[in-house]
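Residue-level structural notes
Listed below, chain by chain, are the residues.
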Amino acid sequence: MADNNHDQRKNDNHKARQQRLKEKVDEKVANAKSEGGVFQVITGNGKGKSTAGFGTVTRAVGHGLKCAVVQFIKGTWGCGERDVLEKLGVTFDVMATGFTWETQNRESDIAAAEKAWQSAKQYLSDDSIDMVLLDELTYMLSYDYLDTDEVIEAIKSRPSHQFLVVTGRAAHRKLTDLADTVSEVRNVKHAFEAGIMAQKGFDY
Ligand code: ATP
Ligand code: MG
């Protein structure tokens, strides 16, 4: 009997708490502005930034949105997502250079970054594109390969309905200030630290 009373009280408390929560959420939903192209930055040192960016593009494609991807660092390996998403009509532009920490020619890196940026800029001014993913863009700003203010201006003046996802470590303060949503992926541990190499299908 005592147990029953205890359970009843717990249930009542739970119900009251959920009711209060629901009221708060309903109020937020009622006050929220409707549609609009959200700008998200996915940064931090943990694994999962690019996969989250591609996941968002996949979600958008599933709803029939038109998407474009620019990859600012080209690995020495391919990218599994590209093979899938290109078949579904997603446009890809990949920077024509290897990982920046492997290249030693600043001049040719900058030229490659500029070329990729021209594509990005075009997408950011194209009304017909619903979502743009600029994968690893953050490095172009921290290496000073691209002009930060020019990038910020292009992002600000993109079509109002256009979603934008930017990934990469150490995002510039101007990017995170401008973004509507900023997520930081924290490295708790990574297989590579235990000597496990990057593997096809899991890391790229
Ligand atoms: P992913 O593409 O798997 O989502 P990411 O975009 O978060 O990773 P990047 O910094 O772009 O991470 O690095 C890409 C590559 O480096 C991947 O092969 C990934 O497994 C590896 N990597 C990511 N984070 C770490 C880390 N903390 N330590 C070592 N390697 C990492
Ligand atoms: Mg990445």
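Notes on the structure in this doc start here. (Residues numbered from 1 in each chain as written. Chains lettered and ligands numbered in written order. Predicted model: local features only at pLDDT ≥ 70, side-chain atom pairs only at ≥ 80, totals over all residues. Heavy atoms only, no water.)

1. Observations regarding the sheet that holds strand β3 (residues 91-94)
Strand order in the open sheet formed by six strands is β3-β2-β4-β5-β1-β6, with parallel pairing between adjacent strands. In this open sheet, the two strands that pair with only one neighbour each are β3 and β6 (181-184). Adjacent strand axes in the sheet meet at a mean angle of 10°, parallel and antiparallel pairs treated alike. Pairing of strand β4 (residues 131-135) with strand β5 (residues 163-167) involves four bridges; the strand directions are parallel. For V132, the partnering residue across the bridge sits in β5 and is L164. Contacting β2 (67-71), β3, β4 and β5, helix α4 (residues 106-124) crosses the sheet at an angle of about 160° to β2. (Pairing = 2+ DSSP bridges. Helix = DSSP H or I, 4+ residues; strand = E, 2+ residues; numbered from the N terminus. Axes fitted to C-alpha atoms, helices over the stretch in contact; angles between N-to-C directions. Contact = heavy atoms within 4.5 Å.)

2. Some words on the packing of α4 against helix α6 (residues 148-156)
The contact between α4 and α6 brings their axes to 9 Å, and the two run at 25°. Classed by the angle they form, the pair α4 and α6 counts as roughly parallel. For α4 against α6, the interelement crossing comes out left-handed. Contacts between α4 and α6 involve W117, K121 and L124 from the first element and E150, V151, A154 and I155 from the second. When grouped by side-chain class, the residues that make up the contact of α4 with α6 number five nonpolar, no polar and two charged. (Parallel < 35°, antiparallel > 145°, perpendicular 65-115°, else oblique. Left-handed = near helix turned anticlockwise from the far one by under 90°. Nonpolar A, V, L, I, M, F, W, Y, C, P; charged D, E, K, R; others polar.)

3. What about the environment of A68?
Residue placement: A68 occurs in strand β2. Distance in space between the C-alpha atoms of A68 and S119 is 9.6 Å, their sequence separation being 51 residues. When near neighbours in sequence (up to four residues on either side) are disregarded, A68 contacts V90, T91, Y123, I129, M131, V132 and L133.

4. Quick look at the side chain of T167
If you trace the backbone, T167 turns up in strand β5. For T167, a relative accessible area of 0% corresponds to the buried category. Separated by 2.9 Å, the side chain of T167 and the backbone nitrogen of E136 make a polar contact. When residues no more than four places from it in sequence are discounted, the contact partners of T167 are I42, K49, S50, L133, L134, D135, E136, L137 and T138. (Buried < 20%, exposed > 50% of the residue type's maximum accessible area, 1.4 Å probe, protein only. Polar contact = N/O pair within 3.5 Å; in protein donor to acceptor, adjacent residues only side chain to side chain.)

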